[in-house]
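# Structural overview for review
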Amino acid sequence: MGNTKIKSAIISVFNKDGLGPIVKELSNQGVTIYSTGGTQSFIEDLGIKVLRVEDLTSYPSILGGRVKTLHPKVFGGILNRKDNEKDQEQLKEFDIPSFDLVMVDLYPFEETVAAGGTHEEIIEKIDIGGISLIRAAAKNYKDVMLVSTTKQYADFLSILTDQKGEISVEQRKAYAKDAFNVSSHYDTHIFNYFNDDTEEVFKQSITDSQVLRYGENPHQKGVFYGGLDSIFDKLHGKELSYNNLLDVDAAVNLMQDFKNDDPTFAILKHNNACGLATRSTIEEAYSAALAGDPVSAFGGILIANTKIDTKTATLINDLFCEVVIAPDYEEEAIEILKSKKNRVILVQKPFDFPKKQFRTILNGVLEQDRDLITDKIEDFETVTKVSATDAQNKDLAFANKLVKHTKSNTIVLAKDGQLLASGTGQTSRVDALNQAIHKAKSFNFDLNGAVMASDAFFPFPDCVEIANKEGINTVIQPGGSIKDKLSIEYCDEHQMAMVFTGNRHFKH
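Below: a short report on this structure. (Residues numbered from 1 in each chain as written. Predicted model: local features only at pLDDT ≥ 70, side-chain atom pairs only at ≥ 80, totals over all residues. Heavy atoms only, no water.)

## So, unusual backbone geometry
In this structure, Asn409 follows Ser408 across a cis peptide bond, with omega equal to -15 degrees. Positive phi outside glycine occurs at Asn271, with the angle close to 75 degrees. With phi around 45 degrees, Leu362 is a residue other than glycine that occupies positive phi space. Note on placement: Leu362 falls in the loop between strand 16 (356–361) and strand 17 (364–369). (Helix = DSSP H or I, 4+ residues; strand = E, 2+ residues; numbered from the N terminus.)

See the structure below:
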């Protein structure tokens, strides 16, 4: 198997962008071109001779274009083995041309689904002829060059021009590999459209990728699969690292629960918020968030739910931080934040979060529904004799949003729309509470009148007792322990208010 000289080609593409220069070069090299429908008209409009596939097969395009290329004279021309005498004899017997090049792309199924097409429109975008041409040409890569996506056009044109139509087997195999990537991705999206969660199988396909500097540590390779450009406009800074991306993901998910609230600012470190506050202005929100833990904020990820103005940017500029995220910025604010060469500045676009989450474990994958529940005040169930005030309910809702996005076991202490401290990732809920209390006191916060949120129920009254002794008299938790009564009784004895949400928000 050596080089293949392109003498005959079949071209049938949906997207004509970038096709013109390739067709002209093929024509200049004396290549015989066969085509169908819109592609044929496109080539003819360029003044280039093209043979109709219908004339080759003696069949017109039928069934509204559903059947055009599905014929032995097309697939025999692609699948024949040039070093197989019997194959070549049969080509002569049935008057079948041998194709050296196949150019085809697929109907935009994924794009039609994303655009909200009707079921009928989506079904008509399931490609039959194109996918068959791709599989046939890729299978016979030792004799056929296959171009299966417009992303390959520029590279293929360079090969075609530089090598004067001589294509090496290594190049043909590489293009065949890409083609199977195209076809498997296409079929995965079709399956997932039809599946609707009824078949418990794991099928995902993401073709966009970005090689990272490294993974969590320098000795680990890291790659991000996905399209960041659909979520962010990057205005400035270095490339995001593996750990940056984990923190950015945590920040964006956290702020999603505050997107419709008053100006809110969060500072995250290692996937957890070390500062969070809601205020009447974003400047005040930033200052209050930073006050929650100015030590941990160093090197953190910053995110706002509204435009960052010049005053806020000036304050942020005094802090070393890795990434700043906001839906918008004042022009002068951008210039201020750009003064640090490596600081990443991101504009977050509106986008829909995936409904599923998954992670690798052991020799498989865990998949789950995204936690889309945001507990609202009107759904709180007061289980104590004392009820929370309106102001306390606002703080309970604030704290409970945060507890949902903090590593379990977690306790969050908040007051007046500000995170005072949290205990994160502890093996004991008591340890989480003690960690939060110690941290709040280390920054001189007064816990009297603060609220406490827990990501899971209290199996014993120990946490409410510890909280009460620190001046915390309002608690929110999911409820659901067989010993809920013990915590409720303690609260009643000490004039504390407790509400249940009915929803646990573990985050492991």
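## A look at the nonpolar core
In terms of nonpolar packing, the biggest core is built from 40 residues, with Phe232, Leu240, Val248, Leu268, Ile303, Val323 and Ile325 touching the most fellow members. When residues of this core are assigned to their parent elements, the largest contribution, seven residues, is made by helix 11 (residues 242–256). In contact with Val323, not counting residues within four places along its chain, are Leu240, Val248, Gly300, Ile301, Leu302, Val344 and Leu346. (Core = buried A, V, L, I, M, F, W, Y, C linked by side-chain atoms within 4.5 Å. Buried < 20%, exposed > 50% of the residue type's maximum accessible area, 1.4 Å probe, protein only. Contact = heavy atoms within 4.5 Å.)

## Quick notes on empty space enclosed by the protein
A complete count under the given rule lists one cavity of 30 Å³ or more for this structure. For the largest cavity, the calculated volume is near 40 Å³. Residue lining of the largest cavity: Ile373, Thr374, Asp375, Ala397, Asn400, Lys401, Lys404 and His505, and that is the complete set. Residue classes in the lining of the largest cavity are distributed as two nonpolar, three polar and three charged. (1 Å grid on protein atoms, 1.4 Å probe; cavity = no way out; pocket = protein on both sides within 12 Å on 5 of 7 lines; lining within 4 Å. Points joined across faces, edges and corners; volume = space filled by probe spheres on them. Nonpolar A, V, L, I, M, F, W, Y, C, P; charged D, E, K, R; others polar.)

## Let's talk about the pattern of salt bridges
Inspection of every chain in the model, using the stated rule, returns 17 salt bridges. A salt bridge links Asp87 to Arg81; the shortest N-O distance between them is 2.6 Å. In this structure, Lys356 and Asp369 form a salt bridge, with 2.6 Å as the shortest nitrogen-oxygen distance. With a gap of 13 residues between them, Lys356 in strand 16 and Asp369 in strand 17 connect regions that are remote in the sequence. Residue Lys356 is classed as partly exposed on the basis of its relative accessible area of 27%. With relative accessibility at 51%, the residue Asp369 sits in the exposed group. (Salt bridge = Lys/Arg side-chain N within 4 Å of Asp/Glu carboxyl O.)

## What about the packing of helix 8 (residues 129–139) against helix 10 (residues 169–195)?
Packing of helix 8 against helix 10 leaves a shortest axis separation of 9 Å and a crossing angle of 150 degrees. The pairing of helix 8 with helix 10 is recorded here as roughly antiparallel in orientation. Helix-helix and strand crossings are classified by hand; for helix 8 and helix 10 the assignment is left-handed. Two secondary-structure elements touch here, helix 8 through Ile131, Ile134, Ala138 and Lys139 and helix 10 through Ala176, Ala179, Phe180, Val182, Ser183 and Tyr186. Grouping the amino acids of the contact of helix 8 with helix 10 by side-chain chemistry returns eight nonpolar, one polar and one charged. (Axes fitted to C-alpha atoms, helices over the stretch in contact; angles between N-to-C directions. Parallel < 35°, antiparallel > 145°, perpendicular 65-115°, else oblique. Left-handed = near helix turned anticlockwise from the far one by under 90°.)

## Describing the packing of aromatic side chains
For any pair of aromatic rings, geometry is given as the distance between the ring centres together with the angle between the planes. Evaluation of the coordinates by the stated rule reveals ten aromatic pairs. Each ring, one from Phe14 and one from Tyr107, has its centre 5.7 Å from the other, and the planes form 70 degrees; the classification is edge-to-face. Remark: Tyr107 occurs in the loop between strand 5 (101–104) and helix 6 (109–114) and Phe14 occurs in the loop between strand 2 (8–12) and helix 1 (19–28); sequence separation between them is 93 residues. Aromatic rings pair up to connect Phe109, Tyr186, Tyr193 and Phe194 into one cluster. Note that Lys203 overlies the ring of Phe191, its terminal NZ or CZ placed 5.6 Å from the centroid. A cation sits over an aromatic face here: Lys401 above Phe258, 4.9 Å from the ring centre. (Phe/Tyr/Trp six-rings, centres within 6.5 Å; stacked < 30°, edge-to-face > 60°. Lys NZ or Arg CZ within 6 Å of the ring centre and 35° of its normal.)

## Quick notes on the pairing of strand 14 (residues 321–326)
The side chains of a regular strand alternate between the sheet's two faces. Burial analysis of strand 14 places six of its six residues in the buried class, the great majority of the element. Pairing of strand 13 (residues 300–304) with strand 14 involves four bridges; the strand directions are parallel. The residue of strand 14 that forms the bridge with Ile303 is Ile325. Read as a crossover between parallel neighbours, the route from strand 13 over helix 13 (residues 310–316) to strand 14 is right-handed. Examined bridge by bridge, strand 14 and strand 15 (residues 344–348) share four bridges and lie parallel to one another. Paired with Val323 across the two strands is Val344, which belongs to strand 15. Read as a crossover between parallel neighbours, the route from strand 14 over helix 14 (residues 331–337) to strand 15 is right-handed. (Pairing = 2+ DSSP bridges. Right-handed = clockwise from strand over helix to strand, strands pointing away.)

## Some words on the environment of Phe75
Assignment of secondary structure puts Phe75 in helix 4 (residues 72–79). We classify Phe75 as buried; its relative accessible area is 16%. C-alpha separation for the pair Phe75 and Val386, spaced 311 residues apart in sequence, amounts to 79 Å. Setting aside its immediate chain neighbours within four residues, Phe75 contacts Thr69, Leu70, Ser132, Leu133 and Ala136.

## Describing a negative patch on the surface
Together, Glu330, Glu331, Glu332 and Glu335 line one region of the surface with negative charge. Residue classification places Glu331 among the exposed residues on the basis of a relative accessible area of 61%. (Patch = residues over 30% accessible without salt bridge, like charges linked within 9 Å, V, L, I, M, F, W, Y side chains within 5 Å. Areas by Shrake-Rupley, 256 points an atom, 1.4 Å probe, with all protein chains shown as cover. Lys, Arg positive; Asp, Glu negative; His and termini not counted. Charge placed at Lys NZ, Arg CZ, Asp CG, Glu CD.)

## Re the sheet that holds strand 4 (residues 51–52)
Taken together, five strands build an open sheet; the order of strands is 4-3-2-5-6 and the sheet is parallel. Strands with a single pairing partner mark the edges of an open sheet, and in this sheet they are strand 4 and strand 6 (145–147). The pairing of strand 3 (residues 32–35) with strand 4 spans two bridges and is parallel. Residue pairing across strands places Ser35 opposite Arg52, the latter belonging to strand 4.

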